[in-house]
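Structural description and commentary
Given next are the chains, with one letter for each unit.
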Amino acid sequence: MASTQYVCQTCGAQSPKWSGQCRDCGAWNSLVEERVSAKEKKGRSLSARSDSEGEGNPKSSELLHVGALKDPKLIARIPSGISEVDRVLGGGLVPGSLLLFGGEPGIGKSTLLLQVLGNLSAAGNKSLYLSGEESAAQVGGRFKRLKLQESENLFFLSTTELEAAIEEIQKLKPKIVIVDSVQTLSSETIESAAGTVSQIRMATHEFLSVAKNLGVVVILVGHVTKEGTVAGPRLLEHMVDGVFYFELATSSGYRLLRGQKNRFGATHEVAVFEMRPQGLMQVENPSARFLAEKVDGVAGSSVVAHLEGSRPFLTEFQALCQKCYVGYPRRTVQGIDQNRIAVLMAVAEKTLNISFSDQDVYCKVASGDRLVEPAVDLAVLMALISAVENRPLPADLLFVGEVGLGGEIRSVPNIAARIAEAKTVGIKKIVLPQWNLKETLDEKNLKIIPVKKLKEAYAEAFNVKNKTQLDSKGIDKDFLDDVSP
């Protein structure tokens with residue numbers, strides 16, 4: 001006999017009766033009626049019915065001594081064949097892990113994962129591509145378009161039935177399974193449509209059991225909502241071992257693979273890809289690509305060095321200042337928080353006596369990325385000053401540092417990685433905080449300029465001759481006359 005319950009499609013909370021607002025998450029009109037059969041209440045997990053276990057992997061219910069957990073065979077990683085993907089994953093795929101890949105429709109999730117699966121199968125790993133969205137002809141056409149190597153270890157299954165998918169995985173016993181997508185699968189034990197919270201939760205739980213019991217790497221492809229998060233309950237991201245998002249940098253057209261959660265590696269790592277006719281190609285030196293179209297000798301342009309995870313990126317920040325002829329100057333900002341721009345302009349006015357009150361200010365990150373960390377403050381502020389004074393910054397000069405409210409330049413993390421990345425794109429001079437000087441090495445063909453205050457950075461940026469004026473309050477006319485044009 002089936003029972004009726006109302007499930008919130010946002011958080012997964014259950015209620016015996018309908019309500020206009022979910023009592024758990026507060027979402028409006030999110031409760032949907034679902035019927036639960038007796039099979040779901042009494043039945044065991046589908047994957048738990050199998051007595052077979054993965055080679056070298058103990059049963060999930062087996063009691064182990066802590067010493068057994070130190071066996072390196074239990075955490076040996078499987079290379080995906082794409083170095084950028086391996087770096088985001090933390091070094092490769094971990095057997096027995098359940099990963100979630102999300103992204104907008106058409107971004108290239110299936111293409112990237114099929115390329116990974118082709119590399120894994122060519123290396124001798126038995127692999128299964130499970131699709132509930134595309135037919136065999138569609139997947140076969142993409143496989144030929146990508147010119148992937150045919151392998152006897154690569155298998156394909158098109159189904160939307162969860163029970164059939166689990167059964168085939170138990171028979172085949174592959175090392176890697178890709179499920180495209182988890183929202184298309186449904187279980188006969190739940191009397192609701194595919195893609196509902198109950199179905200997604202059931203499917204994720206079953207694949208989690210398969211991954212842990214058989215030692216299989218399971219990669220779930222998830223649809224995203226209009227807010228940019230994976231569709232389904234928030235519990236979905238807690239159940240998996242890793243959450244990765246595939247995004248499009250609208251300005252540059254590059255695809256960015258970001259690690260949002262990773263139990264086997266660092267989070268917030270980023271890989272850069274470019275879509276070509278032969279598939280997704282990894283960008284070996286993204287900093288050089290981001291700066292390739294930078295024009296030298298233009299006021300308001302500066303190079304910023306920011307970190308995504310442990311990886312440094314160099315990109316161009318652009319600022320434009322125009323005389324305001326109305327009462328309220330405009331502030332248009334892309335790629336960075338507008339409040340941070342306002343704070344930096346206030347510091348410049350207080351410390352350097354440079355006012356933006358009569359200027360319309362337009363800012364953007366040329367690569368389409370988003371600057372979050374405070375280490376880009378100094379470079380951003382120098383671009384703003386360059387724009388308002390119409391004085392170009394040196395093309396081979398890089399600014400790194402956090403700007404305090406008193407005009408002090410504060411230290412930033414991982415300065416050595418930023419310096420190493422700067423050398424690859426031809427940077428000759430780096431202005432950095434005095435407190436980071438001890439972390440730098442003796443660099444050849446690279447001049448390190450340590451500064452403590454914003455006035456010192458200003459002097460280095462615009463080649464001030466009479467630096468004694470820096471100790472005075474603000475910048476007067478005589479000080480500006482000492483600046484080389």
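I will try to describe carefully the structure that is included in this document. (Residues numbered from 1 in each chain as written. Predicted model: local features only at pLDDT ≥ 70, side-chain atom pairs only at ≥ 80, totals over all residues. Heavy atoms only, no water.)

So, on to the sheet that holds strand S15 (residues 311-323). Within a sheet, neighbouring strands are paired by backbone hydrogen bonds and run either parallel or antiparallel to one another. Here we have four strands laid out as an open sheet, ordered S14-S15-S17-S16, and mixed in their pairing. In the strand order of this sheet, the two ends are held by strand S14 (301-308) and strand S16 (331-334), each with one partner. The sheet shows a mean angle of 20° between the axes of neighbouring strands, taken without regard to direction. Here S15 pairs with strand S17 (residues 359-365) via seven bridges, running antiparallel. Within the sheet, the bridge partner assigned to Lys 323 lies in S17 and is Gln 359. Strands S14, S15 and S17 of the sheet are contacted by helix H10 (residues 377-389), whose axis makes an angle of about 30° with S15. Running at roughly 75° to S15, helix H11 (residues 415-424) makes contact with S14 and S15 of the sheet. (Pairing = 2+ DSSP bridges. Helix = DSSP H or I, 4+ residues; strand = E, 2+ residues; numbered from the N terminus. Axes fitted to C-alpha atoms, helices over the stretch in contact; angles between N-to-C directions. Contact = heavy atoms within 4.5 Å.)

Moving on: the packing of aromatic side chains. Summed over all chains, the structure comprises six aromatic pairs. Seen in terms of ring centroids, Tyr 129 and Phe 156 are 6.2 Å apart; in terms of plane orientation they differ by 20°. Their pairing is stacked. With Tyr 129 in strand S5 (residues 127-131) and Phe 156 in strand S6 (residues 154-158), this pair connects stretches of sequence that are 27 residues apart. Since its relative accessible area comes to 1%, Tyr 129 is described here as buried. A relative accessible area of 31% means that Phe 156 is categorised as partly exposed. (Phe/Tyr/Trp six-rings, centres within 6.5 Å; stacked < 30°, edge-to-face > 60°. Buried < 20%, exposed > 50% of the residue type's maximum accessible area, 1.4 Å probe, protein only.)

Of all hydrophobic cores here, the largest spans 43 residues; its most connected members are Phe 317, Ile 341, Leu 378, Val 380, Leu 384 and Phe 399. Take this core: its biggest share by element is nine residues, from H10. (Core = buried A, V, L, I, M, F, W, Y, C linked by side-chain atoms within 4.5 Å.)

Read these as spatial facts, not as claims about activity.
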